Amino acid sequence: MNSTFIIGPVIVSIISTILALIISLIDKAVNNYGNVTININSGKKILQVNGGSSLLSTLAEQKIFIPSACGGKGTCGACKVTVVSDVGPHLPTEIPLLNEEEIKKNTRLSCQIKVKKDIQLDIPEELFSIQRFKTTVTAIKDVTHDIKEV
């Protein structure tokens, strides 16, 4: 066996690992927003968090689960919150999923907002009682080509 077939992939893997490490370090340095305050429902809940992540994932880390059918990819429009403070204009990824009234009320998709500075928002009270559960799936049955029965 030719040693080139072994050495080549090893060198590519090493270079890829080094580049990934450099990108990760630069990302932490450039996108370091420090501690940020999230004020929910006019002071009902105040969170101190590290900035830099999406609002959806930041709230989930704090055990506040905003519904999201697409997992934060900005395609379902389910993770809507009303932002009271200024976080910038609506993004092109948000506009197709919001109606005119929602845009006027500054409704935003929490998966599309980066937590960069202190933010104030309103969310429905019932979202505070959402919990995460662990379970074991015992069977999965194909109902259609894209629907599963669990």
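To be clear, the structure that these remarks concern was listed above.
Notes on the structure in this doc start here. In this text, all values refer to a predicted model and were calculated from it rather than measured experimentally. (Residues numbered from 1 in each chain as written. Predicted model: local features only at pLDDT ≥ 70, side-chain atom pairs only at ≥ 80, totals over all residues. Heavy atoms only, no water.)

**Focus on unusual backbone geometry**
Quick reminder of the rule: Working definition: helices are DSSP H or I runs of at least four residues, strands are E runs of at least two. Numbering for both runs from the N terminus. The classification of residues rests on relative accessible area computed with a 1.4 Å probe and restricted to protein chains. Under 20% of the type maximum is buried, over 50% is exposed, and intermediate values are partly exposed.
Here Asn 41, not a glycine, exhibits a phi torsion of approximately 55°, which is positive. Summarising the element assignment, Asn 41 is placed in the loop between β1 (35–40) and β2 (45–50). The phi dihedral of Ser 42 is positive, around 55°, even though this residue is not glycine. Along the chain, Ser 42 turns up in the loop between β1 and β2. Look at Ser 42 and you get exposed, because its relative accessible area is 59%.

**A look at the pairing of strand β3 (residues 80–83)**
This is how it is decided: Only when DSSP finds a minimum of two bridges between them are two strands counted as paired.
Only one face of β3 is covered, namely the face carrying Val 81 and Val 83; the face carrying Lys 80 and Thr 82 is uncovered. Note that β3 and strand β4 (residues 107–109) share 3 bridges and pair antiparallel. Within the sheet, the bridge partner assigned to Lys 80 lies in β4 and is Leu 109. As paired strands, β3 and strand β5 (residues 119–122) are joined by 2 bridges and run antiparallel to one another. Looking at β5, one finds that Thr 82 is bridged to Asp 122.

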